Amino acid sequence: MKTILKAKNVTKTYGKKGSAAYTAIRDLSFSMKEGEFIGIMGPSGSGKTTLLNMVATLDPLTNGEITIDGIVVSSKTENQLADFRSQKLGFIFQDFNLLENMTVFENVALPLSLQNKAVKTIQSRVHQVAGVLGIRDIIEKYPEELSGGQKQRTAIVRALIHEPALLLADEPTGALDSKNAAILLDTLAELNRNQQVSVLMVTHDPRSASYCSRLLFINDGQLDRELFQTGTREEFHQEILAVLGDLERRPVAGVRI
Amino acid sequence: MILKLAINGLKKKQRDYLILFTGLIISIAVFYMFLTMSLNKEFILQNSVINNIQVVFLVGTVMLSIITFFYLFYTNSFLLSLRKKEYGLYELIGAKKVQIRRVFQIETMVITAISLAIGLILGIILSRVVSWLLMNQLNIEFTQFKVVYLPAVFWTMVYFLVASFITSTVHNTLLAKSSIIDLLHSDMHNDGIPSEPKGSALQILLGIFFLGIGYTALYFMEQLRFIGLFTAPIATTLGTYVLFVALLPIIVRKWKRNKRVNFKGINSFTSGQLNFRLSSLKWVLATIALLIALSAGAIAGGFAFKNDAFTSIDEHWQYDATLYNPGAAEMAVLDSIPVEEQLTFRMKLNDEFIYLVREELNATPPLIRDMVTYEVVRPDPLPEELEIEDGSQIVSDQWFTALYAINPALEGTRSTRIVPLEEYELAEGEEISILLARTADFSAHIEEWQKLDELQLDVYPGLVTGFDPKTDSVATKYAQFKTQYAIASGTFFMGFFLGLAFLTMMASILMFKILSGANNDIRRYDSLRKLGVRRRVLENSLAREIFIVFLFPGILGLLHVFVGMRMFTFIMDEPYYRLWVSILIFLAIYGGYYFFTVHLYRKIVLPKH
Ligand SMILES: Nc1ncnc2c1ncn2[C@@H]1O[C@H](COP(=O)(O)OP(=O)(O)OP(=O)(O)O)[C@@H](O)[C@H]1O
Ligand SMILES: [Mg+2]
């Protein structure tokens, strides 16, 4: 199977080299096959968001190389990256970040509008994807008028509408109750299984993590451990809890240079 | 402790305060300048011409103080909204309401005091500049004029301190009424979804109807007079509000309906922003349209009025100079300018009569403006016999006017007798010659007219018994022009600075309104960036959005001015004189504020990485 994402010796140092510099990610490498559902776990401050932001091309790398869908993103200009994001990446944010001034339709159509697709194409595509996620009835409403679950499904539609090569999510269930969290993850897992959408998700929550096919544990900016789902989800969940308990016994600290 | 916190908070919001300051400082400076111009006592006594200017500036001061009060009130409420959340936090950590209220009041007063210090300095400079310009224009010395005039300083300070004390007290009571929760959440409020417009077609019709009435009243002001004076402002104001409230949401909706455009790039975002913004700003925008009309109108009115001093003087005086017994000096001055027509008449003067020669009058009848037809004509020849009734000769109305044109200094002081030449030769009395001169352009030779008037001052004591050149004057075209021009120049500066002050205050209100929404937008622009919208595209969207917000009131305001200037036809000939200059000034200031707003907005929502 094709490799969708490849991170090679990635390092991220915040601040100027020298006194106040802080290395959040240190010489980290991993790769991701098309259709994988990878979760990134680790203690607070371990560098999960930093890693995801670099993959999302929102933050430049200090060192190393990231390749997505065959394109080396770490060497592109800002404008090229913007275009790349709008074509290849889908985002689900923690609080969904729907644009309150636009209707659900306009929100989910935005990634297609950005690619200057014809109105006909946009309409039929929105219709189709909205149907799959059951938001067809609320398509003319404003985000303010939606329930949490509806917002969440809208966010997923917006993230998938342009068929991105990679779907990125930073703690997508962070703001949800357990029921809505379960619905979201079920949806993601289903999309991953049925439509081969590749998903990279940062999460704190072991239950959310159990939906993934593979987990990367990060500690102090380095890859600490990897875990594959082999059995059922419940077994995977127990396994994750065990690993976390194991890791917790070690002190948590940043790395100073 | 709380005070210290508050000062820190103030520092953090420097930018907002700076904008607030500019409007305030400009209005203080102009206020001071108006007061100095109108209150300088010694300056009043010295010259009657200046006396008239001072009334003009006093009117300006009153108008400015009314508008400024509203401005202060508005900015103070904006100030409060900026700080609400912070005050909520203070309260949360245990500050008493009384303390917070005191902090707010002190803050307001400090801001006013700082603005006063800067504004007064600017005002002094402004007074210096304006008085110098006026002196140059009117060709007189303001020897007694004090640029730093303490009564003006005093009243400016009193007005602004009292006004800001009142406004901050009002807002303080509002502050006292709001709960901690309200305060803490004050920056979270959302604009609210624009409601589906209902009956807007009717509203638009109503708005157009009112505007139509207002414009008609403005246009036919000359005929309608008082009715027009009342109808025009009321109907225009009403029409502006109704139209804005009904039309703005519809326009954006129409835009959004055009799917091909709306779903191109981030147009749907831009129009979504506008949809919310316009519907929350429609009242402010309508107010701004009216203020634009007022300020641009004030500037344009000043220009037109000044021009009118030239055009109207020609209406009443067909001859630019009327010289009694002109000597070599007068003739030398006349020789230096291109005189188009020059008439000479003789008259004999004794205690009882003024004698004029009929043949001379008939040979060269002077140009006059007919009081009935309002056309410039030469009177028909005088008949052989002129009746005498109650001791005065009866002449036609045209000749009646002509006699005053020929002899403005003496006509009416005794009986005039128009007599045949033989009779004139026999008449008793001192012979005086009168010379009327006319050029193609009165305004081109102002200096010469002034010189001639001065030369004639030596002649008048011989003509008019007890004439004192220091206190008395003779009606001449130049003398009348001088008075008229002084008032006009005063009005011009008054209108100009009043307009300038209005415009600055208005534009800074619009700027606040827009910028106060910026914090809500930070997250939106960040989301868009993450979704892969290029920075350039975001910048354009932002510039376009704010442009349209600025555009609507600009257009309607200018339309008001175009129609409204017509109103002045009943006091002047060319109300549209150099309207483009005022429009350019308006565009420069308004445009400046637009770019400044865009710049600040960009800095808030699109920080550099
Ligand atoms: N812009 C920044 N400048 C300096 N240091 C930063 C910056 N962003 C993050 N860091 C530091 O980098 C480290 C990793 O941060 P990151 O946000 O990636 O952690 P995280 O694993 O996502 O934590 P959490 O689970 O709490 O979200 C932290 O120690 C943080 O303080
Ligand atoms: Mg994080």
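Conventions used here
Residues numbered from 1 in each chain as written. Chains lettered and ligands numbered in written order. Predicted model: local features only at pLDDT ≥ 70, side-chain atom pairs only at ≥ 80, totals over all residues. Heavy atoms only, no water. Axes fitted to C-alpha atoms, helices over the stretch in contact; angles between N-to-C directions. Helix = DSSP H or I, 4+ residues; strand = E, 2+ residues; numbered from the N terminus. Parallel < 35°, antiparallel > 145°, perpendicular 65-115°, else oblique. Left-handed = near helix turned anticlockwise from the far one by under 90°. Contact = heavy atoms within 4.5 Å. Nonpolar A, V, L, I, M, F, W, Y, C, P; charged D, E, K, R; others polar. Salt bridge = Lys/Arg side-chain N within 4 Å of Asp/Glu carboxyl O. Buried < 20%, exposed > 50% of the residue type's maximum accessible area, 1.4 Å probe, protein only. Expected span 1.5 Å × (residues − 1). Arc of directions from axis to C-beta. Buried area = accessible area lost by both parts, 1.4 Å probe. Polar contact = N/O pair within 3.5 Å; in protein donor to acceptor, adjacent residues only side chain to side chain. Pairing = 2+ DSSP bridges. Near = heavy atom within 4 Å. 1 Å grid on protein atoms, 1.4 Å probe; cavity = no way out; pocket = protein on both sides within 12 Å on 5 of 7 lines; lining within 4 Å. Points joined across faces, edges and corners; volume = space filled by probe spheres on them. Patch = residues over 30% accessible without salt bridge, like charges linked within 9 Å, V, L, I, M, F, W, Y side chains within 5 Å. Areas by Shrake-Rupley, 256 points an atom, 1.4 Å probe, with all protein chains shown as cover. Lys, Arg positive; Asp, Glu negative; His and termini not counted. Charge placed at Lys NZ, Arg CZ, Asp CG, Glu CD. pLDDT = per-residue confidence, 0-100. Core = buried A, V, L, I, M, F, W, Y, C linked by side-chain atoms within 4.5 Å.

### Some details on the packing of helix α3 (residues 104-114) of chain A against helix α4 (residues 119-132) of chain A
Residues and elements named next belong to chain A.
Part 1 of the reasoning: Two numbers describe how α3 lies on α4: the axes approach to 10 Å, and their chain directions differ by 125 degrees. Between α3 and α4, the angle is such that the two are oblique. Pair α3 / α4 crosses with right-handed handedness. Every residue of α4 that contacts α3 at Phe 105, Val 108, Ala 109, Leu 112 and Ser 113 is listed here: Ile 122, Gln 123, Arg 125 and Val 126.
Part 2 of the reasoning: Residues of the contact of α3 with α4, tallied by class, amount to six nonpolar, two polar and one charged.

### What about the pattern of salt bridges?
Where charged atoms from two side chains of opposite charge approach closely, those side chains can pair.
Part 1 of the reasoning: By the definition in use, this model includes 25 salt bridges over all chains.
Part 2 of the reasoning: Between A:Glu163 and A:Arg125 there is a salt bridge, with its nearest N and O atoms 3.8 Å apart. Residue A:Glu163 is located in the loop between α5 (148-160) and β7 (166-170), and its partner A:Arg125 is located in helix α4; the two are separated by 38 residues in the primary sequence.
Part 3 of the reasoning: A:Arg214 is paired through a salt bridge with A:Glu226; the nearest N and O atoms lie 2.4 Å apart. Of this pair, A:Arg214 sits in strand β9 (residues 214-219) while A:Glu226 is found in strand β10 (residues 222-228), placing the two residues twelve residues apart along the sequence.
Part 4 of the reasoning: The class of A:Arg214 is buried, set by a relative accessible area of 7%.
Part 5 of the reasoning: One salt-bridge network, in which partners are shared between bridges, spans A:Glu100, B:Arg277, B:Asp521, B:Arg523, B:Arg524 and B:Glu545.

### Quick notes on the environment of B:Tyr590
Residues and elements named next belong to chain B.
Part 1 of the reasoning: Looking at the secondary structure, you find Tyr 590 in helix α22 (residues 579-605).
Part 2 of the reasoning: On the basis of relative accessibility, which here comes to 7%, the residue Tyr 590 falls in the buried class.
Part 3 of the reasoning: The sequence separation of Tyr 590 and Thr 504 amounts to 86 residues, and the corresponding C-alpha distance is 8.2 Å.

### Re helix α8 (residues 233-248) of chain A
Residues and elements named next belong to chain A.
Part 1 of the reasoning: Across its 16 residues, α8 extends 22 Å between first and last C-alpha, which sits within 8% of the 22 Å expected from 1.5 Å per residue.
Part 2 of the reasoning: All buried positions along α8 are accounted for by Phe 236, His 237, Ile 240, Val 243 and Leu 247. Looking straight down α8, one finds its buried side chains confined to an arc of 125 degrees; they lie on one side.

### Focus on the interface of chain A and chain B
Part 1 of the reasoning: Across the contact, 31 residues belong to chain A and 28 residues belong to chain B.
Part 2 of the reasoning: In terms of surface lost to chain B, no three residues of chain A exceed A:Glu100, A:Asn101 and A:Glu106, which account for 20% of the buried area on that side.
Part 3 of the reasoning: Linking chain A with chain B are four salt bridges.
Part 4 of the reasoning: One salt bridge in this structure joins A:Glu106 and B:Lys256, with 2.9 Å as the shortest N-O distance.
Part 5 of the reasoning: Across the chain A-chain B interface, the total number found is 13 residue pairs in polar contact (both at pLDDT 80 or more).
Part 6 of the reasoning: Of all the elements in the fold, those that place two or more residues in the side of chain A that touches chain B are α2 (78-88), α3 and α4 of chain A.
Part 7 of the reasoning: Here the side of chain A that touches chain B is composed, by residue class, of 14 nonpolar, seven polar and ten charged.

### Some thoughts on the environment of B:Ser295
All names here are of chain B.
Part 1 of the reasoning: Along the chain, Ser 295 falls in helix α12 (residues 267-316).
Part 2 of the reasoning: A residue is classified by how much of its surface remains accessible, and Ser 295, at 0% relative accessible area, is buried.
Part 3 of the reasoning: Sequence separation between Ser 295 and Gly 499 is 204 residues; the distance between their C-alpha atoms is 3.9 Å.
Part 4 of the reasoning: Every residue in contact with Ser 295, bar those within four places of it in the chain, is listed here: Gly 499, Phe 502 and Leu 503.

### Here we look at the sheet that holds strand β9 (residues 430-439) of chain B
Hydrogen bonding along the main chain pairs the strands of a sheet, whether they run parallel or antiparallel.
All names here are of chain B.
Part 1 of the reasoning: Strand order in this open sheet of five strands is β1-β9-β2-β3-β8, and the pairing throughout is mixed. Strands with a single pairing partner mark the edges of an open sheet, and in this sheet they are β1 (321-324) and β8 (415-419). Averaged over all pairs of adjacent strands, the angle between strand axes in this sheet comes to 30 degrees, irrespective of strand direction.
Part 2 of the reasoning: Pairing of β1 with β9, which is carried by four bridges, proceeds in the antiparallel orientation. Each bridged residue has a counterpart across the sheet, and for Ala 321 the counterpart in β9 is Ala 437.

### Some points on the site of ligand 1
All names here are of chain A.
Part 1 of the reasoning: As a matter of local geometry, ligand 1 sits amid Tyr 14, Tyr 22, Ala 24, Pro 43, Ser 44, Gly 45, Ser 46, Gly 47, Lys 48, Thr 49, Thr 50 and His 204.
Part 2 of the reasoning: In this structure, an oxygen atom belonging to ligand 1 sits 3.0 Å away from a main-chain N or O atom of Gly 47.
Part 3 of the reasoning: Here an oxygen atom of ligand 1 and a side-chain polar atom of Thr 49 are 2.6 Å apart.
Part 4 of the reasoning: At the level of secondary structure, the elements contributing two or more residues to the shell around ligand 1 comprise β2 (22-33) and α1 (48-55).

### What to know about empty space enclosed by the protein
Residue and element names in this part refer to chain B.
Part 1 of the reasoning: With the rule as written, the count across this model stands at three cavities of 30 Å³ or more.
Part 2 of the reasoning: In this model, the largest cavity occupies a volume close to 90 Å³.
Part 3 of the reasoning: As for the largest cavity, its lining consists of Leu 20, Leu 24, Leu 72, Thr 75, Asn 76, Leu 79, Thr 108, Ile 111, Thr 112, Ser 164 and Thr 167.
Part 4 of the reasoning: Elements represented by at least two residues in the lining of the largest cavity include exactly α2 (14-39), α4 (48-92), α5 (97-138) and α6 (150-177).
Part 5 of the reasoning: The dominant element in the lining of the largest cavity, judged by the number of residues it contributes, is α4, at four residues.

### Observations concerning unusual backbone geometry
Residue and element names in this part refer to chain A.
Part 1 of the reasoning: Of note, the phi angle at Thr 57 is positive, near 65 degrees, even though the residue is not glycine.
Part 2 of the reasoning: Examined against the element boundaries, Thr 57 turns out to sit in the loop between α1 and β4 (63-68).
Part 3 of the reasoning: Assessed through its relative accessible area of 7%, Thr 57 is described here as buried.
Part 4 of the reasoning: Here Glu 171, not a glycine, exhibits a phi torsion of approximately 45 degrees, which is positive.
Part 5 of the reasoning: Here Glu 171 shows up in the loop between β7 and α6 (178-195).

### Section: the pairing of β4(A)
All names here are of chain A.
Part 1 of the reasoning: By the bridge criterion, five bridges tie strand β1 (residues 3-14) to β4 in an arrangement that is antiparallel. Bridge pairing in β4 places Leu 5 opposite Ile 68.
Part 2 of the reasoning: In textbook terms, the turn of a hairpin is the stretch between consecutive antiparallel strands, and for β4 and strand β5 (residues 71-72) this stretch comprises two residues, one of which, Asp 69, has a positive phi near 50 degrees.

### Some points on a nonpolar patch on the surface
Residue and element names in this part refer to chain B.
Part 1 of the reasoning: Together, Leu 3, Ile 7, Ile 106, Val 110, Ile 114 and Ile 118 make up a nonpolar patch on the protein surface, roughly 470 Å² of accessible area in all.
Part 2 of the reasoning: Those elements that provide at least two residues to the nonpolar patch are α1 (2-12) and α5.
Part 3 of the reasoning: Among the elements that make up the nonpolar patch, the one with the highest residue count is α5 (four residues).
Part 4 of the reasoning: Note on placement: Ile 7 falls in helix α1.

### Considering a negative patch on the surface
All names here are of chain B.
Part 1 of the reasoning: Among the surface-exposed residues, Glu 359, Glu 422, Glu 423 and Glu 425 lie close enough to one another that they form a single negatively charged patch.
Part 2 of the reasoning: Broken down by element, the negative patch gets its largest block of residues, three residues, from helix α16 (residues 421-426).
Part 3 of the reasoning: Positionally, Glu 425 belongs in helix α16.

### Quick look at the layout of surface pockets
Residues and elements named next belong to chain B.
Part 1 of the reasoning: Of the voids in this model, the second largest pocket is the one considered here, and its volume is about 1,100 Å³.
Part 2 of the reasoning: Lining the second largest pocket we find 36 residues, and of these Ala 293, Leu 294, Ala 298, Met 567 and Phe 568 sit closest to its centre.
Part 3 of the reasoning: Ranked by residue count, the leading element in the lining of the second largest pocket is α12, at ten residues.
Part 4 of the reasoning: When grouped by side-chain class, the residues that make up the lining of the second largest pocket number 26 nonpolar, ten polar and no charged.

### Quick word on the confidence of the model for chain B
Note: predicted coordinates in regions of low pLDDT should not be interpreted at a detailed level.
Part 1 of the reasoning: For chain B, the mean per-residue pLDDT works out to 84, and 96% of the residues sit at or above 70.
Part 2 of the reasoning: For this predicted complex, the interface confidence score (ipTM) comes to 0.87, while the overall pTM stands at 0.79.

### Notes on the nonpolar core
All names here are of chain A.
Part 1 of the reasoning: Formed by 187 residues in total, the largest nonpolar core has its most connected members in Leu 5 and Leu 200.
Part 2 of the reasoning: Not counting residues up to four positions away in its chain, the partners in contact with Leu 5 are Phe 30, Ser 31, Met 32, Val 55, Ile 66, Thr 67, Ile 68, Leu 166 and Leu 200.
Part 3 of the reasoning: Formed by 48 residues, the second largest nonpolar core is a distinct cluster that contains Val 126, Ala 189, Ala 209 and Leu 215.

### Here we look at the sheet that holds strand β6 (residues 89-92) of chain A
All names here are of chain A.
Part 1 of the reasoning: On the basis of which strands lie adjacent, the open sheet formed by six strands has the order β6-β7-β8-β3-β9-β10 and mixed pairing. If you trace the sheet from one side to the other, it starts and ends with β6 and β10, each paired once. Looking at each pair of strands side by side, their axes are set apart by 20 degrees on average, direction ignored.
Part 2 of the reasoning: Where strand β3 (residues 37-41) meets β9, four bridges bridge the pair, whose relative direction is parallel. In the strand pairing of β9, Ile 38 is matched with Arg 214.
Part 3 of the reasoning: Packing against the sheet, α2 makes contact with β6 and β7, and its axis sits at approximately 75 degrees to β6.
Part 4 of the reasoning: Contacts between α8 and the sheet are confined to β3, β9 and β10, with β10 contributing the most and set at about 155 degrees to the helix.

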